[in-house]
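# Structural characterization, general
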Amino acid sequence: MSGETVPGLRREAIGLREVLFQSITAMAPAAAVAASIPSGAAFAGGSLPLSVLIALVACLFTASCVAELARELPSAGSVATYAAQGLHPAVGFLVGWGYVFVEALVPPLLLLQLGFTTAGTLHQEWSSYPDDLWWPWSLAGAAIIAVAGYFGVRASARFGTVLGVFEVLVFLVFAVWLIAEAGGDNTLSVFGTSHTADGYEGISGVFAGSVYTVLAFAGFEAAAPLAEETKDPRRTMHRAVLGAALAIGLVYVVTTYAMSVYFGPDRFTGFGASGAASWEGVARASFGLFWVLVFLAVVNSTIANANACSNVSTRTAFALARIRVFPGLFASLHPRHRSPVAGVVVQGAVALAAMLGLGFAYDPVTAFLLLATVIVTVVIGVYIVVNLACAGYFLRRRRELLRPVRHLLFPVLGIAAFVPALLTAAGLPVFDFVSELTAPVSYAGPVVGVWMLAGVAVLIVLLRRHPGRIAETARVHLDETPTAEPRQSGAVQS
């Protein structure tokens, strides 16, 4: 393939704003604030704001590593290219293999949440609406995402920007309102260890809460696969990845602080994702129709997150297909929009199959938990590998740019932060706050294992028959001379 050029994605189609919100919406801030972060309250109690602050600092170590690599290696292959350059092309292939798999599962995960959240809320308002009639809403969300993806990165990213602004503004406005209503109950003691749950006193409770909170940061790297479609990608990617992690991390700190002081730090252990002791419950009880905006922000967050991760999966699959380690179908580009149109179609089919198949086989909530466990387990594993790749890249390839703190210490700290989160997500009871997973959620481990073993088998075949293709995983196409626009849709040949 060296010396041969291929048509690519649309160059310079989007700027910092769009890629920043690509990462922001992939983090699903509204859904995280309302649903995932409160899971840490069972351990940290009213000290949950401190847990969130610790998780923010911990995640910034890995975000810094991703941002450094994104600046040096702007590629649609993103984490696969980073691992290939920093460690070995075979590792890069396996990272790409796993990353495409789980990012393709994020849209059905979010569509399930969209379905059961909307159905449950409508049933609560009008009892005649069946609370199990979730699937029409999921199908509507799938159609919206497919249309956005079809019209290319510019339409999809701008759509995500609008959705992202809405959800962040709703929760920030609500947080300011809560802080004002708390009045004299505002206290910085929630950034200490005095309000943790019984049985998890002191720093142990704060640490347990931070492990669960770390999971809310997943997605900050989602801007990276859009590098080849972004203006000034080396500078823009670096700013977008770090900016999203920092900005949304601060949103998490502010909103968690606001609810903790309003609800009461010593009662916060009972706070959760649903019922009276939840964001929507508090809004319903005390803030009139503002709960509607909270509900719409969460629904909005599911669509925005699904849209962002559809961009990630289709771009990563495109990057692997153009070097022929994935089927060439995934490298097909729309002649006008330059979107990986075949990938968008396959992504939509996977989303529908997983959403409807698992949703009806079990129920939408159980299907959501199963998919979430699969996704988080692999994504955190990818973060750990990328931390290693950051150290490897600057030690092996760019020694003249090596900064010991940024390129060696930060990767070690990033790994230390995510290993406990990986064990927690996988349900491995290494810590006393980790619960073992029960069926069918416990099937997540075997599912991941089977997929990765299949990837190893494919890797062995490619190494024996086409070793050059695996080596191409490390290729940064943006560094090459652009070619003419493709004249028609079709698989890119290499």
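If you're wondering where the values come from, they're calculated on a predicted model, not measured in any experiment. (Residues numbered from 1 in each chain as written. Predicted model: local features only at pLDDT ≥ 70, side-chain atom pairs only at ≥ 80, totals over all residues. Heavy atoms only, no water.)

Turning our attention to the packing of helix α4 (residues 48–72) against helix α15 (residues 404–425). Packed helix pairs are characterised by how far apart their axes lie and by the angle those axes make with each other. Viewed as axis vectors pointing N to C, α4 and α15 meet at an angle of 130°, and their least axial separation amounts to 7 Å. By the criterion of interaxial angle, the relationship of α4 to α15 is oblique. Of the two possible hands of crossing, α4 and α15 adopt the one that is left-handed. Contacts between α4 and α15 involve Ala58, Cys59, Phe61, Thr62, Ser64, Cys65, Glu68 and Arg71 from the former and Arg406, His407, Phe410, Pro411, Leu413, Gly414, Ala417 and Phe418 from the latter. Here the contact of α4 with α15 is composed, by residue class, of nine nonpolar, four polar and three charged. (Axes fitted to C-alpha atoms, helices over the stretch in contact; angles between N-to-C directions. Helix = DSSP H or I, 4+ residues; strand = E, 2+ residues; numbered from the N terminus. Parallel < 35°, antiparallel > 145°, perpendicular 65-115°, else oblique. Left-handed = near helix turned anticlockwise from the far one by under 90°. Contact = heavy atoms within 4.5 Å. Nonpolar A, V, L, I, M, F, W, Y, C, P; charged D, E, K, R; others polar.)

Since the α-helix turns once every 3.6 residues, residues separated by three or four places project in the same direction. Over its 22 residues, α15 runs 31 Å from end to end, which matches the ideal 32 Å to within 8%, given 1.5 Å per residue. Taking the largest bend as the criterion, α15 deviates by roughly 30°, centred on phenylalanine 410, and proline proline 411 comes between one and four positions later. For α15, the complete set of buried residues consists of His407, Pro411, Gly414, Ala417, Phe418, Pro420, Ala421, Leu423, Thr424 and Ala425. For α15, the elements touching its buried residues are α4, α9 (203–214) and α14 (364–396). Of the residues trailing α15, glycine 427 is marked for its positive phi of about 70°. (Expected span 1.5 Å × (residues − 1). Bend = angle between axes of the 7 residues up to and from the residue. Buried < 20%, exposed > 50% of the residue type's maximum accessible area, 1.4 Å probe, protein only.)

Within the largest apolar cluster, 127 residues are counted, with the highest numbers of intra-cluster contacts made by Leu69, Tyr82, Phe171, Phe220, Tyr252, Trp279 and Phe418. Of the residues forming this core, the biggest block, 18 residues, is contributed by α14. The contact partners of tryptophan 279, leaving out residues within four places of it in the chain, are Val33, Ala34, Phe171, Phe174, Leu178, Thr255, Met259 and Phe271. Within the second largest apolar cluster, 17 residues are counted, among which are Ala321, Val325, Phe330 and Leu333. (Core = buried A, V, L, I, M, F, W, Y, C linked by side-chain atoms within 4.5 Å.)

This part is about the pattern of salt bridges. On inspection of all chains with the given rule, the structure shows eleven salt bridges. The salt bridge involving glutamate 228 is made with arginine 322; its shortest N-O contact spans 2.5 Å. With glutamate 228 in the loop between α9 and α10 (233–263) and arginine 322 in the loop between α12 (290–321) and α13 (341–361), the pair connects residues that are 94 residues apart, well separated along the chain. You'll find glutamate 228 and arginine 322 in the same group, each marked buried. (Salt bridge = Lys/Arg side-chain N within 4 Å of Asp/Glu carboxyl O.)

Turning next to unusual backbone geometry. Look at the link from alanine 439 to proline 440: it is a cis peptide, with omega at 0°. Checked against the element boundaries, proline 440 lands in the loop between α15 and α16 (444–465). Despite not being glycine, aspartate 232 shows a phi value in the positive range, around 45°. Mapped onto the elements of the fold, aspartate 232 is located in the loop between α9 and α10. On the basis of relative accessible area, aspartate 232 is assigned to the partly exposed category, the value being 42%. For arginine 324, which is not glycine, the phi torsion reads 65° and is therefore positive. Here arginine 324 shows up in the loop between α12 and α13. Using a relative accessible area of 32% as the deciding quantity, one classes arginine 324 as partly exposed.

The subject of this paragraph is the confidence of the model for the chain. Of all residues in the chain, 94% attain a pLDDT of 70 or more, and the chain-wide mean is 88. Contacts for the low-pLDDT stretch residues 1–6, under 50 throughout, to residues beyond four places or in other chains number 14 contacts. (pLDDT = per-residue confidence, 0-100.)

The subject of this paragraph is the environment of tyrosine 200. Relative to the helices and strands, tyrosine 200 is located in the loop between α8 (153–182) and α9. Judged by its relative accessible area of 18%, tyrosine 200 is buried. When the C-alpha atoms of tyrosine 200 and threonine 366 are compared, they prove to be 28 Å apart, with 166 residues separating the residues in sequence. Setting aside its immediate chain neighbours within four residues, tyrosine 200 contacts Phe43, Gly205, Asp432 and Phe433.

Further remarks concern helix α1 (residues 16–26). For α1, the tally of buried residues reaches eight of eleven residues, placing the bulk of the element in the interior. When we look at burial in α1, the residues that qualify are Glu18, Val19, Phe21, Gln22, Ser23, Ile24, Thr25 and Ala26. Taken from the residues just after α1, alanine 28 is the one with a positive phi, measuring 50°.

Two elements in contact, helix α6 (residues 89–125) and α14, have axes separated by 8 Å at closest approach and are oriented at 150°. Taken together, the axes of α6 and α14 lie roughly antiparallel to each other. Here α6 runs over α14; the crossing is left-handed. Residue composition of the contact of α6 with α14, by class: 23 nonpolar, two polar and one charged.

What follows deals with the packing of aromatic side chains. For the structure on display, the rule yields 26 aromatic pairs. Ring centres 5.1 Å apart and planes at 50° place the aromatic pair phenylalanine 61 and phenylalanine 410 in the tilted group. Remark: phenylalanine 410 occurs in helix α15 and phenylalanine 61 occurs in helix α4; sequence separation between them is 349 residues. With relative accessibility at 18%, the residue phenylalanine 61 sits in the buried group. Residue phenylalanine 410 is classed as partly exposed on the basis of its relative accessible area, which comes to 23%. By the ring-pair criterion, three or more aromatic residues cluster together here, those being Phe171, Phe174, Trp177, Tyr262, Trp279, Phe287 and Phe290. (Phe/Tyr/Trp six-rings, centres within 6.5 Å; stacked < 30°, edge-to-face > 60°.)

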